[in-house]
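# Inside the fold
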Amino acid sequence: MIRVGIIGCGYWGPNLIRNFMQIGRSNVVRVADLDQDRLNHMKTLYPSIEVTTNHEEIIDDASIDAVAIATPVHTHHKLAKQALTADKHVFVEKPITSTSEQARELIDLAGQNGSKLMVGHTFLFTAAVQKMKAIIESGELGDIYYISSQRLNLGLFQPDINVIWDLAPHDISIITYLLGRQPHTITAVGTPHVNDTIEDVAQMTMQFPGSLLAFLSVSWLDPDKVRRMTVVGSKKMMVYDDVQPTEKIRLYDKGVEGPKHYDSFAEFHYSYKYGDIVIPKIEGKEPINVELNHFLDAIENDTQPICNGLRGLEVVKILEASQQSLQNGNVPVQLEK
Ligand SMILES: NC(=O)c1ccc[n+]([C@@H]2O[C@H](COP(=O)([O-])OP(=O)(O)OC[C@H]3O[C@@H](n4cnc5c(N)ncnc54)[C@H](O)[C@@H]3O)[C@@H](O)[C@H]2O)c1
C-alpha cells in the first residue's frame, strides 16, 4: 500500500483524494489545507484521514511515501521542494512551477534522491488523447500540417495567473505529446478586460521545425464552453471535441491537392476530396484514475512517468516564452534548445 499525503483540497484536490482512495493500492493518510472548512468537509467524507492546516505534518511524516500537491501555482515549487528533500515521491498539479529555474531545481532534486516527480497533465491520460496519438502515429493523417485548439469558457478567473498559465498547459501538453516534439518559436497576443493586469483572453502560435504550426485560443470570457482541437494532415483531418459526451473524435477523409505540374494558372486546378467521416470507439475511463495509477506504477516499477519533471519543464518554458511575447509587443520568442 502506497501511503499518500495531499496538500490542497480546494477545487481540484478532492479529485486526487477520491481517486487515490478508490485505487486500492494507495491510501490517503493525511490532507493539509489552509482552510479549516475544506478540511472539515474532507473529514466528513473520509473519516479515516488526518487533516491539518500545517502541510509540514505531511512532510515530516516518515510513513508517507508520496505527496500530491493541488495548491495555487506559485506555491508548487516550495511545497514540492520540501517533499522531495524529505525523500517523498511527488505528484504536482500543472503547471509544475512558476519558472523554468524552479522546475529544473525540482528535477535535479528528484534525480539526486531517486524520487518520482510527475506533473498532473491529466489530458494525456484521456482515452481520446491516447486514441489521437495512435491515429497520428499510424500515419493515417499523413504529414501533419497544423493543429488548432480552442479552450474557452466563462471563468473561472484566477487571481494570480493569466488565462495562458491557467488553460494553455492542457493544450501545450496535449499538442507536444501528440507530435512528440517541441516548438522552437512562440508568439502570444492577449489582453486583460475584467482585471487591469491579468489577461483573460489570449491567442498563441507555436512554430515547430518544418512548416508545422499550432494555434491555441484560450479565454475566460466566452459564453460557451469550448474544448476543441483540429489536427489537419495531408491525407485526413481529425477533430477532437472534449465537450461531446461520447463521440469525442471524428476522422474526416477530407483533403485538398494542387496539380503535380502546370504551366499556366488556367491549368491550375485544386482537387478536393470529400470522403467518409468516421467516429472511432473510445473507452471511457476516468482520466485522473488512469493518471494516478500511472504515478503509482512509476513508483512501484521504478519507471519514468510520461509527464515527468522534464515534460513539465518543457511546458513551463513555452508558458514563459508566451509571457515574454505578451510583454514585448507580441514579438516571436525563440525557445532555447
Ligand atoms: N489537472 C487539471 O485538469 C486541473 C484542473 C483544475 C486545477 N488544476 C490545478 O490544481 C491546482 C489547484 O487548483 P484549484 O483550482 O484546486 O485551486 P483552489 O484555489 O480551489 O484550491 C487550492 C487550495 O490550496 C490551499 N492551499 C494554498 N496554499 C496552501 C498551503 N501552503 N498548504 C496547504 N494548503 C494550501 C488553499 O487553501 C486552497 O483550498 C493548480 O495547480 C491548478 O492548475 C488542475
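Residues numbered from 1 in each chain as written. Predicted model: local features only at pLDDT ≥ 70, side-chain atom pairs only at ≥ 80, totals over all residues. Heavy atoms only, no water.

- Under an unreviewed UniProt entry, the name given to the protein chain is Oxidoreductase, and the organism recorded is Desulfosarcina ovata subsp. ovata.

## Thoughts on a nonpolar patch on the surface
- Together, Leu154, Phe157, Val194 and Leu221 give the surface a local cluster of nonpolar side chains, amounting to about 390 Å² of exposed area.
- Inspection of the secondary structure puts Phe157 in the loop between β7 (144-154) and α7 (163-179).
- The partly exposed category is assigned to Phe157, whose relative accessible area is 36%. (Patch = residues over 30% accessible without salt bridge, like charges linked within 9 Å, V, L, I, M, F, W, Y side chains within 5 Å. Areas by Shrake-Rupley, 256 points an atom, 1.4 Å probe, with all protein chains shown as cover. Salt bridge = Lys/Arg side-chain N within 4 Å of Asp/Glu carboxyl O. Helix = DSSP H or I, 4+ residues; strand = E, 2+ residues; numbered from the N terminus. Buried < 20%, exposed > 50% of the residue type's maximum accessible area, 1.4 Å probe, protein only.)

## Notes on the UniProt feature "domain: GFO/IDH/MocA-like oxidoreductase" (unreviewed entry) in the protein chain
- Per the UniProt record, "domain: GFO/IDH/MocA-like oxidoreductase" (unreviewed entry) is annotated on residues 129-238.
- Taken end to end, residues 129-238 is 25% helix and 43% strand, and its first and last C-alpha atoms sit 12 Å apart. (UniProt positions renumbered as here; feature names shortened; annotations may be inferred.)

## Considerations on the side chain of Thr122
- Within the fold, Thr122 resides in the loop between β6 (117-120) and α6 (127-138).
- Once residues within four sequence positions are removed from consideration, Thr122 is found in contact with Trp12, Pro287, Ile288 and Glu291. (Contact = heavy atoms within 4.5 Å.)

## Focus on the site of the ligand
- In the vicinity of the ligand, 17 residues are found, and the nearest of them are Tyr11, Trp12, Asp33, Lys94 and Thr122.
- Between the ligand and Trp12, the relevant distance is 2.8 Å, taken from an oxygen atom to a main-chain nitrogen or oxygen of the residue.
- Measuring from an oxygen atom of the ligand, one finds a backbone N or O atom of Thr71 at 3.3 Å.
- In isolation the ligand offers 850 Å² of accessible surface; the protein chains occlude 80% of this area. (Near = heavy atom within 4 Å. Polar contact = N/O pair within 3.5 Å; in protein donor to acceptor, adjacent residues only side chain to side chain.)

## Notes on the environment of Gln158
- Here Gln158 shows up in the loop between β7 and α7.
- Among the residues examined, Gln158 registers a relative accessible area of 27% and is labelled partly exposed.
- Along the backbone, Gln158 and Ile277 are 119 residues apart, and their C-alpha atoms lie at a distance of 39 Å.
- Not counting residues within four places of it along the chain, the set of residues in contact with Gln158 comprises Asp166, Ile198 and Trp220.

## Looking at the packing of α7 against helix α9 (residues 309-327)
- Where α7 meets α9, the axes come as close as 10 Å, and the angle between the chain directions of the two elements is 130 degrees. When the axes of α7 and α9 are compared, the pair comes out oblique. Helix-helix and strand crossings are classified by hand; for α7 and α9 the assignment is right-handed. Where α7 approaches α9, its residues Ile164, Trp165, Ala168, Pro169, Ile172, Ser173 and Thr176 are matched on the opposing element by Val315, Val316, Ile318, Leu319, Glu320, Ser322, Gln323 and Leu326. (Axes fitted to C-alpha atoms, helices over the stretch in contact; angles between N-to-C directions. Parallel < 35°, antiparallel > 145°, perpendicular 65-115°, else oblique. Left-handed = near helix turned anticlockwise from the far one by under 90°.)

## Quick look at α6
- Given a rise of 1.5 Å per residue, 12 residues ought to cover 16 Å, and the 16 Å separating the end C-alpha atoms of α6 matches this to within 8%.
- All buried positions along α6 are accounted for by Ala128, Val129, Met132, Lys133, Ile135 and Ile136. Buried residues along α6 cover an arc of 165 degrees about the axis, so they all sit on one side. Turned more than 90 degrees off the buried face of α6, the exposed positions are Glu137 and Ser138.
- Of the surrounding elements, those touching the buried residues of α6 are β7, α7, β11 (221-233), β12 (237-241) and β13 (249-257).
- Looking one or two residues past α6, Gly139 carries a phi angle of roughly 85 degrees, positive in sign. (Expected span 1.5 Å × (residues − 1). Arc of directions from axis to C-beta.)

## A few points about the domain arrangement of the protein chain
- The domain architecture assigned to the protein chain consists of domain 1 (2-115) and domain 2 (124-285 + 317-334).
- Residue-level contacts link 10 residues of domain 1 with 9 residues of domain 2.
- At the boundary of domain 1 with domain 2, total buried surface from both sides reaches about 680 Å², with 60% on carbon and sulfur atoms.
- Three residues, Lys94, Pro95 and Ser100, lead the burial of domain 1 against domain 2; their summed loss comes to 55% of the area buried on that side.
- Summed over the shared surface of domain 1 and domain 2, the number is 0 salt bridges.
- For the interface between domain 1 and domain 2, the tally reads 3 residue pairs in polar contact (both at pLDDT 80 or more).
- Of all the secondary-structure elements, those providing two or more residues to the side of domain 1 that touches domain 2 are α4 (73-85) and α5 (100-113). (Domains from an automatic or database assignment. Buried area = accessible area lost by both parts, 1.4 Å probe.)

## Some words on the UniProt feature "domain: Gfo/Idh/MocA-like oxidoreductase N-terminal" (unreviewed entry) in the protein chain
- UniProt records the feature "domain: Gfo/Idh/MocA-like oxidoreductase N-terminal" (unreviewed entry) for residues 2-121 in the present numbering.
- Between the C-alpha atoms that bound residues 2-121 there is a distance of 21 Å. The span itself is 43% helix and 24% strand.

## A closer look at the side chain of His55
- Take His55: it is sitting in the loop between β3 (50-52) and α3 (56-59).
- Apart from the residues lying within four places of it in its own chain, the contact partners of His55 are Ile7, Ala32, Lys78, Leu79 and Gln82.

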